[in-house]
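Remarks on the overall topology
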Amino acid sequence: MTLAYAEPLVLTQQDIEPKPYSEIDLLDELTPGQAGKLLLFVPRTAFHLHIAFMDNTEFVVSFDGRIRTERDDLNTYAVPEAWNLHLDGIPVSEADLDFALETGTQVLENWLLEQGGLA
């Protein structure tokens, strides 16, 4: 009787590079009713944004936000603030949102500035 031996399986480690972020294709504000058609749970927040990317990935980001003013000796500045962050209905931290979106909370803050911070 002859025994046959198989070649040992050799696994190689591959360099894992981060996937590049896709560009934002669409950024629309949703009402809670519209968000409810996309989400199982709609957070109680002031804003709901539908964000679609060029690679067909989509998110709904819900958050509370406002614009406050700061002053120095010469100027007054509009400072946007976003908090109570949710990604697809799930509470997330700023770091989680920054991982999902290339510019993270900056997208929300820029949107707030464009809208005037009105709920």
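Computed from a prediction, not measured in an experiment: that's the story for all the values here. (Residues numbered from 1 in each chain as written. Predicted model: local features only at pLDDT ≥ 70, side-chain atom pairs only at ≥ 80, totals over all residues. Heavy atoms only, no water.)

1. Considerations on the environment of I51
Residue placement: I51 occurs in strand β2 (residues 47-53). Take I51: its relative accessible area is 0%, and that puts it in the buried class. Remark: the alpha-carbon pair of I51 and L26, spanning 25 residues in sequence, is separated by 5.6 Å. Excluding anything up to four places from it in sequence, I51 contacts I24, L26, L27, T57, E58, F59, V61, L101 and V107. (Helix = DSSP H or I, 4+ residues; strand = E, 2+ residues; numbered from the N terminus. Buried < 20%, exposed > 50% of the residue type's maximum accessible area, 1.4 Å probe, protein only. Contact = heavy atoms within 4.5 Å.)

2. What about the packing of aromatic side chains?
Inspection of the entire model under this criterion finds four aromatic pairs. Ring-pair connections join several aromatic residues into one group, and the members of that group are F47, F63 and W111. (Phe/Tyr/Trp six-rings, centres within 6.5 Å; stacked < 30°, edge-to-face > 60°.)

3. Some points on the pattern of salt bridges
Opposite charge on two side chains lets them pair, provided their charged atoms get close. This structure, assessed with the given rule, holds three salt bridges. With a closest N to O distance of 2.5 Å, E70 and R68 form a salt bridge. Judged by its relative accessible area of 28%, R68 falls in the partly exposed class. The network of salt bridges with common partners includes R66, R68, E70 and E81. (Salt bridge = Lys/Arg side-chain N within 4 Å of Asp/Glu carboxyl O.)

4. A few points about the sheet that holds strand β4 (residues 76-87)
Read from one edge to the other, the open sheet built from five strands follows the order β1-β2-β3-β4-β5, with strand pairing classed as antiparallel. Of all the strands in the sheet, the pair left with one neighbour each is β1 (24-29) and β5 (90-91). Pairing of β4 with β5, which is carried by two bridges, proceeds in the antiparallel orientation. Within β5, the residue paired with H86 across the bridge is P91. (Pairing = 2+ DSSP bridges.)

5. Things to note about the side chain of H48
Of note, H48 is situated in strand β2. Within polar-contact distance, the side chain of H48 engages the side chain of S62 at 2.8 Å. If sequence neighbours within four positions are ignored, H48 has contacts with D28, E29, L30, T31, P32, A35, V42, P43, V61 and S62. (Polar contact = N/O pair within 3.5 Å; in protein donor to acceptor, adjacent residues only side chain to side chain.)

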